[in-house]
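# Examination of the molecular architecture
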Amino acid sequence: AMATAGPRSFSAAEVRARCAQGACLVSCHSRLYDLSGFVRLHPGGEQLLRRRAGTDVSAALDGPPHRHSANARRWLEQYYVGEIEPGDEQQLLLGHGKGFAAQNCEAAAQLCAWYWGGLWVPQHYNHCLLPQDLVDWQKPLLWQVGYLGEKYDEWVHQPVDRPIRLFHSDFFEFLSKTAWYVVFMVWTPVVLYLSWVSYTSLAQGNTRLFSSFTTEYSIPVHKYYFPFIFLLGMVLWSLLEYLIHRFVFHMKPPASNYYLITLHFLLHGQHHKSPFDSSRLVFPPVPASLVIGFFYGVLRLLLPEVLGLSVFVGGLCGYVIYDMMHYYLHYGSPKKGTYLYGLKAYHVKHHFEHQKSGFGISTRFWDYPFRTLIPEETFKKED
């Protein structure tokens, strides 16, 4: 039988040399991690991680400014590449806070393969070094998760950095994936066209509110009201976004119900399991059109035709903004101190630690009245 090679050892000098070439290696006590493929996604910003390259981050994981969750620490293990040579740990610990500027970011990609058990393993696939999972990742997951039963809820909220395949069929798998720009390209022309239809219809002066109940006291809806009706639709969307995320996407399916577990994973569970799968961060247009059509029908029943259309198009614009923001909160690098920077950190906390709160995505507003706001972290001052 062939002997299995143990973890590779790295000297402090080798770690510093690789960081100087563009890699982002950090240690936690004696364990070494390559975060080169993760720096752009880090909620605290790429520069924060770059500054810590070549240092020991064990103290930083406990904060301040942020105390990393158990899921964050589990996530870190996916990037494990080896051990620091005995006696060199202190050198990296002393280097804490100095870091290394990336002189050549492209060189980092060449440094992301490590020798393990007779094979060169790409850094992005170091998940194969983790303990055996409850599912077979070589097969479509959608038909497996229902069998997890009581283990499903805990499993689905332990995020991993790897792509997900849902279906056996290549056709259905293709339909389940969407690039972020597809949502913008499909729905923006619809928003512009329906906005024009709504405004020109209101300009005819035939739209009146409450006309189905009374003609004497009905209220005319002028074309100048369109921007305000449009904004009302956007506000209603933000509420709908919160309610769907909280009560539909975060329903807890009964452990004994295979089909509800499968449905939950299809709707939202797969996003929590693999939050950085770039092809599954926005809603595919085909199923989206069915949901959007349903809400359009509801508005047509509740409001006069043109008024309902005006509210609808505002809501549709809100949806497009939401989907674009959601993608950016996962893959963007907002500047520290900006609104989006705080929103990105807030949303990542929802994924990694506070899955039962923080349901607002494009805004935290509705988390306040519904009392689901993620609490601010506090740290005791040392004497």
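The protein chain goes by Fatty acid 2-hydroxylase in an unreviewed UniProt entry, where it is assigned to Drymodes brunneopygia. Among the UniProt annotations of the protein chain, the heading Sequence similarities (unreviewed entry) holds the following wording: "Belongs to the sterol desaturase family. SCS7 subfamily."

On the UniProt side, "binding site: Zn(2+) 1" (unreviewed entry) is annotated at positions that read H245, H250, H268, H272, H347, H350 and H351 here. Among the secondary structure elements, H245 is positioned in helix α9 (residues 226–249). Judged by relative accessible area, H245 falls into the buried class, the value being 2%. Beyond its immediate sequence surroundings of up to four residues, H245 is in contact with H250, H268, H350, G358, F359 and I361. A residue is classified by how much of its surface remains accessible, and H272, at 2% relative accessible area, is buried.

This part covers the packing of α9 against helix α12 (residues 305–331). Packing of α9 against α12 brings their axes to within 7 Å, and their N-to-C directions diverge by 55 degrees. One way to sum up the angle between α9 and α12 is to call them oblique. For α9 against α12, the interelement crossing comes out right-handed. Counting all contacts with α9, which are made through F226, I229, F230, G233, M234, L236, W237 and E241, the residues of α12 involved are L307, S310, V311, V313, G314, G315, C317, G318, Y319, I321 and Y322. Considering only residue class, the contact of α9 with α12 consists of 13 nonpolar, 5 polar and 1 charged.

Okay, the sheet that holds strand β4 (residues 80–84) next. In spatial order, the strands read β1-β4-β3-β2; together these 4 strands make up an open sheet with mixed pairing. The open sheet has two edge strands with one neighbour each: β1 (8–10) and β2 (25–28). Across the sheet, the mean angle separating the axes of adjacent strands is 40 degrees when strand polarity is ignored. Of the strand pairs in this sheet, strand β3 (residues 31–34) and β4 are connected by 3 bridges, and their pairing is antiparallel. If you follow R31 over to β4, its bridge partner there is E83.

Analysis parameters
- Residues numbered from 1 in each chain as written.
- Predicted model: local features only at pLDDT ≥ 70, side-chain atom pairs only at ≥ 80, totals over all residues.
- Heavy atoms only, no water.
- UniProt positions renumbered as here; feature names shortened; annotations may be inferred.
- Helix = DSSP H or I, 4+ residues; strand = E, 2+ residues; numbered from the N terminus.
- Buried < 20%, exposed > 50% of the residue type's maximum accessible area, 1.4 Å probe, protein only.
- Contact = heavy atoms within 4.5 Å.
- Axes fitted to C-alpha atoms, helices over the stretch in contact; angles between N-to-C directions.
- Parallel < 35°, antiparallel > 145°, perpendicular 65-115°, else oblique.
- Left-handed = near helix turned anticlockwise from the far one by under 90°.
- Nonpolar A, V, L, I, M, F, W, Y, C, P; charged D, E, K, R; others polar.
- Pairing = 2+ DSSP bridges.

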